[in-house]
Amino acid sequence: MSEKVDNVQIEESWKRVLADEFQQPYFAAIKSFLVQEKKAGKTIFPPGPLIFNAFNSTPFDQVKVVILGQDPYHNPGEAMGLCFSVPKGVKVPPSLVNIYKEINRDLGLPIPNHGDLSAWATQGVLLLNAMLTVEARKPASHQKIGWQTFTDAVIRRISEEKEGVVFLLWGKFAQSKKPLIDEMKHYVLTAPHPSPLAGTGFQGCGHFGRTNELLEKQGKAPVDWSL
C-alpha cells in the first residue's frame, strides 16, 4: 500500500510521521471504497487532488495551531480540503461568517470578502476535518469509512511529537477528540460551534487573540488572522 489515495501524494514530513497508518488495512479500505464509489458514478468532495490539502498546505514540522472540523462541505465547488474554507468566489458559509465576526470583535480586523483560509494554513494552522471526503449533497456520508481512525492518529501524532500546539475545538464533535491530546504539553481551547444552528455561544470566545498570546509566550510567531 503506497501513501497515495486517488493518486494523491502527501507532503514529505507527513509521509514520515504517518508511515504506519498508510500500511494499515483500514487505509487500504478507504482507498478501495473511494475507487468503488467513483466507479459507481458518485461525486465525491473535495476533488481528488485536494483530499490531503490540509497536510500539503501545512507540513507537520510547521504545525502550531490545529482547528478541527467535522466533514467537508457537500455542495459543488465548496470543499477544498481545509476545514471551514471555501475557494474565492464561493459564498462564505454561515459558520465562517461567524468566525470572521469573532475575529473582528476579538482583534478588530476587517471581515474578509472571501472564504479562502489558505493563508492561515501556510502559517502553520492545520485546518483538519475529521472526515476527509463526503458524497455530494450527503453530509456525513463518509463518517464511517475509516477516516476518523486516520485523523485521530494525526491528532495523536501531533500530541506525541510536538509541544505547545494550540488546539481549537469548537462544538461537541471537535471536543470529543480532547482525550487524544496531552494537555500537559499542549493548549486546548474550547467553545461552542460557530454554526448559527449552535446559537451565539461562539461569539466572545476570544480564541484568536488568545492563540497568539500562547504562541508568543513560546517565542513562536503569532498568526496573522487577516485575509
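Just so it is clear, the model here is predicted, and its values are computed rather than measured. (Residues numbered from 1 in each chain as written. Predicted model: local features only at pLDDT ≥ 70, side-chain atom pairs only at ≥ 80, totals over all residues. Heavy atoms only, no water.)

Draft legend 1. Spotlight on the sheet that holds strand β2 (residues 65-69). If you trace the four strands from one edge of the open sheet to the other, you get β3-β2-β5-β6, paired in parallel fashion. Two strands close off the open sheet at either side, each with one partner strand: β3 (125-129) and β6 (187-191). On average, adjacent strands in this sheet sit at an angle of 20° to one another, irrespective of strand direction. Sheet topology note: the β2/β3 ladder contains five bridges and is parallel. (Pairing = 2+ DSSP bridges. Helix = DSSP H or I, 4+ residues; strand = E, 2+ residues; numbered from the N terminus. Axes fitted to C-alpha atoms, helices over the stretch in contact; angles between N-to-C directions.)

Draft legend 2. How the structure looks around the pattern of salt bridges. On inspection of all chains with the given rule, the structure shows nine salt bridges. Overlapping salt bridges bring together Glu21, Arg157 and Glu160 as one network. (Salt bridge = Lys/Arg side-chain N within 4 Å of Asp/Glu carboxyl O.)

Draft legend 3. Main features of the side chain of Ser57. Here Ser57 is to be found in helix α4 (residues 53-57). Taking relative accessible area as the criterion, Ser57 reaches 19% and is therefore assigned buried. Setting aside residues no more than four positions away along its own chain, Ser57 makes contact with Leu82, Ala121 and Thr122. (Buried < 20%, exposed > 50% of the residue type's maximum accessible area, 1.4 Å probe, protein only. Contact = heavy atoms within 4.5 Å.)

Draft legend 4. Highlighting the nonpolar core. One finds Trp14, Phe55, Ile67, Trp147, Phe150 and Ile158 to be the most contacted residues of the largest nonpolar core, which totals 63 residues. Those residues in contact with Phe150 that sit more than four places away from it in its chain are Leu18, Glu21, Phe22, Tyr26, Phe27, Phe52, Phe55 and Leu132. (Core = buried A, V, L, I, M, F, W, Y, C linked by side-chain atoms within 4.5 Å.)

Draft legend 5. How the structure looks around helix α5 (residues 94-107). For α5, spanning 14 residues, the distance from its first C-alpha to its last is 20 Å, which sits close to the expected 20 Å at 1.5 Å a residue. Against α6 (118-121), β5 (166-170) and α9 (207-217) lie the buried residues of α5. (Expected span 1.5 Å × (residues − 1).)

Draft legend 6. Representation of the packing of α5 against α9. Between α5 and α9, whose axes approach to 8 Å, the crossing angle comes to 60°. Here α5 is positioned oblique relative to α9, judged by the angle of their axes. Residues Ile99, Glu102, Ile103, Asp106 and Leu107 of α5 form the contact with α9, whose participating residues are His207, Phe208 and Gly209. Among the residues making up the contact of α5 with α9, the classes are represented as four nonpolar, two polar and two charged. (Parallel < 35°, antiparallel > 145°, perpendicular 65-115°, else oblique. Nonpolar A, V, L, I, M, F, W, Y, C, P; charged D, E, K, R; others polar.)

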